[in-house]
Amino acid sequence: MQTEERKNNFEMHELQNDFLSIQVKQVGAELVSLKNKETGIEHIWQGNPEFWTGQAPNLFPVIGILKDGKFIYENKEYTMPKHGFVRHNEHIQLKEKTADKLVFQLDYSEETLAIYPFKFRFEISFQLKGKSLSVNHQISNLDDKPLYFSLGGHPAFNAPISTNEVYEDYYLEFDRKMDLRTYLLNENGLVSDTTEGILDNEDKIRLHKDLFIDDALIFKNIPSKKVSLKSKNSGSVLSVEYKDFKNLGVWAKPGAPYVCIEPWLGIADVEDTDQNLKTKEGIESLAVGKDFQASYTIDIA
């Protein structure tokens, strides 16, 4: 029985319409394929271990690194892995499949309560409509106390998508011109007070091999709510709209042929954190018996 359960947990679940096809791995409810059926182009990074084995992990109930890998709640310490425990999670279940939607669910357990003392339900759905994929999250507080959490996406998109192009042919274009600064991470992966200017009344970030030499670009409270991946040769590739998310991360392993566009509600621990989960920067608080919803959409050009 245990072997059969493990086998089932590694299943791939597929959806398609006239324009797109997707595959979602049951482990972590991770999007591992997003193909344009008209062109045959695969837009999701395929996890080459030379650079990074991830593809589109789901981040809950923390984003990034906690100081010393721990947080404090009600004077007790809890240990939490980077980006939380949804990614790589083998206990996520497929709860619903329709012609255009997949719904996955993870409920609290004795295992999660040992590292995260809240009774929750995490639900994520993937829905196709035309040339768009909507990724919808619902967090439910099943506890008798407020639920504290962060939430985010981490999809990695192939760039270049054509053999006659290079990474430097690509750029990110936001839906407006902005003054934009990134918060730098320190040597321990914590968010520092140091910032670096990225945009000065501009809307484009050019991709190049040294862009992520100091790790991710971290944009707090970003005014833009839509960013497009484009090629100077072939034009628009795709866009990500993230109206429900306050922050945005952009990242790749230096030299790797992809870019992650990461909508975030929350942020990695800041350098001077007291590690108290209730006062963690960017933390969300959900009242007893309430649900919280947030979505982002990927549109293929």
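Just so it is clear, the structure is predicted and the values come from calculations on it, not from any experiment.

**Student:** Can you walk me through the overall build of the protein in this structure?
**Tutor:** When its secondary structure is counted, the protein shows two helices and 22 strands. For 301 residues, the compact-globule formula gives about 19 Å, and the C-alpha radius of gyration of the protein, at 19 Å, lands near that figure. For the C-alpha atoms alone, the extent of the protein along its principal axes is close to 55 × 50 × 35 Å. By the burial criterion, 52% of the 301 residues in the protein qualify as buried.

**Student:** Looking at this structure, I do not really get the environment of Gln-16. What am I missing?
**Tutor:** With respect to the element layout, Gln-16 can be found in strand S1 (residues 12–16). When the C-alpha atoms of Gln-16 and Asp-100 are compared, they prove to be 7.2 Å apart, with 84 residues separating the residues in sequence. Those residues in contact with Gln-16 that lie beyond four places of it in its chain are Ser-21, Lys-37, Ala-99 and Leu-128. At a separation of 2.7 Å, a polar atom in the side chain of Gln-16 contacts the side chain of Lys-37.

**Student:** I keep staring at the sheet that holds strand S2 (residues 20–25) and nothing clicks. Help me out?
**Tutor:** Pairing between sheet strands relies on hydrogen bonds along the backbone, with the strands arranged either parallel or antiparallel. In space, the three strands of this open sheet follow the order S1-S2-S3, with antiparallel pairing throughout. Each of the sheet's edge strands pairs with one partner strand only, and the pair in question is S1 and strand S3 (30–36). Sheet twist, expressed as the mean angle between neighbouring strand axes with direction ignored, is 15°.

**Student:** How do you make sense of the nonpolar core when you look at a structure like this?
**Tutor:** Generally speaking, nonpolar side chains in soluble globular proteins are found buried as a group. Counting residues in hydrophobic clusters, the biggest one holds 88 residues, and the most contacted among them are Ile-22, Phe-60, Tyr-116, Phe-174 and Leu-229. At six residues, the largest contribution of residues to this core is made by strand S20 (residues 258–265).

**Student:** Can you help me understand the environment of Ser-140 in this one?
**Tutor:** Along the polypeptide, Ser-140 turns up in strand S10 (residues 132–141). A relative accessible area of 6% places Ser-140 in the buried class. Ser-140 has contacts with Lys-119, Phe-120, Arg-121, Leu-147, Leu-286, Lys-290 and Asp-291, leaving out every residue within four places of it along the chain. Reaching out from Ser-140, the side chain makes a polar contact with the side chain of Asp-291 at a distance of 2.7 Å.

**Student:** I keep staring at a negative patch on the surface and nothing clicks. Help me out?
**Tutor:** Where like charges cluster on the molecular surface, the negative patch consists of Glu-187, Asp-193, Glu-271, Asp-272 and Asp-274. Position of Glu-271 relative to the elements: it lies in the loop between S20 and strand S21 (284–286). On the basis of relative accessible area, Glu-271 is assigned to the partly exposed category, the value being 36%.

**Student:** Explanation requested: empty space enclosed by the protein in the structure shown.
**Tutor:** It is the rolling of a water-molecule-sized probe over the atoms that shows where space remains empty. One pass over the full model with this rule turns up one cavity of 30 Å³ or more. Empty space within the largest cavity amounts to approximately 30 Å³. The wall of the largest cavity is formed by Ala-29, Leu-31, Ala-56, Asn-58, Phe-126, Val-135, Pro-155 and Tyr-296. Counted by class, the lining of the largest cavity contains seven nonpolar, one polar and no charged residues.

Here is what the cut-offs are and how they apply
Residues numbered from 1 in each chain as written. Predicted model: local features only at pLDDT ≥ 70, side-chain atom pairs only at ≥ 80, totals over all residues. Heavy atoms only, no water. Helix = DSSP H or I, 4+ residues; strand = E, 2+ residues; numbered from the N terminus. Rg over C-alpha atoms; globule rule 2.2 N^0.38 Å. Buried < 20%, exposed > 50% of the residue type's maximum accessible area, 1.4 Å probe, protein only. Contact = heavy atoms within 4.5 Å. Polar contact = N/O pair within 3.5 Å; in protein donor to acceptor, adjacent residues only side chain to side chain. Pairing = 2+ DSSP bridges. Axes fitted to C-alpha atoms, helices over the stretch in contact; angles between N-to-C directions. Core = buried A, V, L, I, M, F, W, Y, C linked by side-chain atoms within 4.5 Å. Patch = residues over 30% accessible without salt bridge, like charges linked within 9 Å, V, L, I, M, F, W, Y side chains within 5 Å. Areas by Shrake-Rupley, 256 points an atom, 1.4 Å probe, with all protein chains shown as cover. Salt bridge = Lys/Arg side-chain N within 4 Å of Asp/Glu carboxyl O. Lys, Arg positive; Asp, Glu negative; His and termini not counted. Charge placed at Lys NZ, Arg CZ, Asp CG, Glu CD. 1 Å grid on protein atoms, 1.4 Å probe; cavity = no way out; pocket = protein on both sides within 12 Å on 5 of 7 lines; lining within 4 Å. Points joined across faces, edges and corners; volume = space filled by probe spheres on them. Nonpolar A, V, L, I, M, F, W, Y, C, P; charged D, E, K, R; others polar.

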